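Inside the fold
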Amino acid sequence: MNPQAKLIFALSLTLGTTLTISSNHWIMAWTGLEINTLAILPLISKSHHPRAIEAATKYILVQAAASALVLFSSMTNAWHTGQWDITQLSHPTSCLILTVALAMKLGLVPFHFWFPEVLQGSSLIVGLLLSTLMKFPPITLLYLTSPSLKPSILMTMAILSAALGGWMGLNQTQTRKILAFSSISHLGWMAIIIAYSPKLALLNFYLYTLMTAAVFLSLNSIKALKLSTLMTTWTKTPSLNAILLLTLLSLAGLPPLTGFLPKWLIIQELTKQEVALAATIIALLSLLGLFFYLRLAYCATITLPPHTTNHMKQWYNTKPTNTMVAVLTTMSLMLLPISPIILAVV
């Protein structure tokens, strides 16, 4: 793909995201979502591989259906109340339809089936965009409409997402699919708290974006698409592999790493809101995710490949690691001690 085309798609993604997150009118928010969808499609299908074309087709069908539901929800609300303002969503049917539409956009259970398949058909960089930037506009809409949405529906979706995200990631051998199920599991944590503390859900999303970007860029640096490839990368970049181990544990939410902060605050807030049972269930379900993160970390750093492996040993890489990877991994590991400052800012 030529640089001019890439620039146009990058600017379109920026425009679509900015339009949605800064708009008060439903039509403008919907327009931003559509620009985003159309801009990411050529990036998904640029390899012309059948799997990439299949991923692009699945993506546009699901996103078009979700966008139609967003439009239908806002029109129903405008029909009954005369309001097009995003924060004035009050009609019960509109609230229910919007919850379904945003769950489809984000990939929350039970509308999660498209996400692992689309991620598997994309490159790691496009997978990073799909897991982070493309989820920002729907999360913003969820944030703005959270007072109108039913907490019971969001909590059910959240617990199912945490359960299925952890459970279905257990048996995967492809790194992109593992990260897709990881994303579904993390979305469960955001959905469970957004009705009680929307700012905490946004903080969780920012830290999730930070850690996921670090993992995706690390995997892209070592070109690891499968666990079997990950086993042989220790000869190429031993220091990056060691840091990847810690970043994965941070994504799993282990103290004293950055990933522990949102989980700790969410469990604390849920307990204050007297839904301690939901907090206990989602905390126990995060152990499923911990297992497959440990499996990734074990393959990356602890396992030596068998002598009969079909993969050629890679030469030691003397090129310096990308600065962005270094900054993101450092932040993914060391933000917990400054959590009072983060909370004061948020």
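Use the structure listed above.
What you see is a predicted model, and the numbers here were worked out from it, not measured in a lab.

Considerations on the packing of helix α12 (residues 238–252) against helix α15 (residues 323–334)
At their nearest, the axes of α12 and α15 sit 9 Å apart, and the two run at 40° to each other. As the angle between them shows, α12 and α15 are arranged oblique. In this structure, α12 meets α15 at a crossing whose hand is left-handed. Touching L240, I243, L246, T247 and S250 of α12 are V325, T329, S332 and L333, all from α15. Its residues assigned to classes, the contact of α12 with α15 comprises five nonpolar, four polar and no charged.

Notes on the layout of surface pockets
By volume, the second largest pocket is sized at about 180 Å³. Lining the second largest pocket are K6, F9, A10, L13, T14, L43, K46, I125, V126, L129 and L133. Counting only elements with at least two residues in the lining of the second largest pocket, the list comes to α1 (3–22) and α6 (124–131). Ranked by the residues each element gives to the lining of the second largest pocket, the list is headed by α1, at five residues. Its residues assigned to classes, the lining of the second largest pocket comprises eight nonpolar, one polar and two charged.

Things to note about empty space enclosed by the protein
Under the defined criterion, the tally for this structure stands at three cavities of 30 Å³ or more. Roughly 100 Å³ of internal volume is contained in the largest cavity. L33, N36, T37, Y59, Q63, K105, W114, L130, M134, K135, P137 and P138 together form the lining of the largest cavity. Looking at the lining of the largest cavity, the element that brings in the most residues is helix α2 (residues 26–44), giving three residues. Here the second largest cavity is characterised by a volume of approximately 80 Å³. Lining the second largest cavity are S182, S185, H186, W189, L251, A252, K263, S286, G289, L290, F292 and Y293. For the lining of the second largest cavity, the elements supplying multiple residues, two or more each, are α9 (175–193), α12 and α14 (276–302).

Reading the values: the criteria
Residues numbered from 1 in each chain as written. Predicted model: local features only at pLDDT ≥ 70, side-chain atom pairs only at ≥ 80, totals over all residues. Heavy atoms only, no water. Axes fitted to C-alpha atoms, helices over the stretch in contact; angles between N-to-C directions. Helix = DSSP H or I, 4+ residues; strand = E, 2+ residues; numbered from the N terminus. Parallel < 35°, antiparallel > 145°, perpendicular 65-115°, else oblique. Left-handed = near helix turned anticlockwise from the far one by under 90°. Contact = heavy atoms within 4.5 Å. Nonpolar A, V, L, I, M, F, W, Y, C, P; charged D, E, K, R; others polar. 1 Å grid on protein atoms, 1.4 Å probe; cavity = no way out; pocket = protein on both sides within 12 Å on 5 of 7 lines; lining within 4 Å. Points joined across faces, edges and corners; volume = space filled by probe spheres on them.

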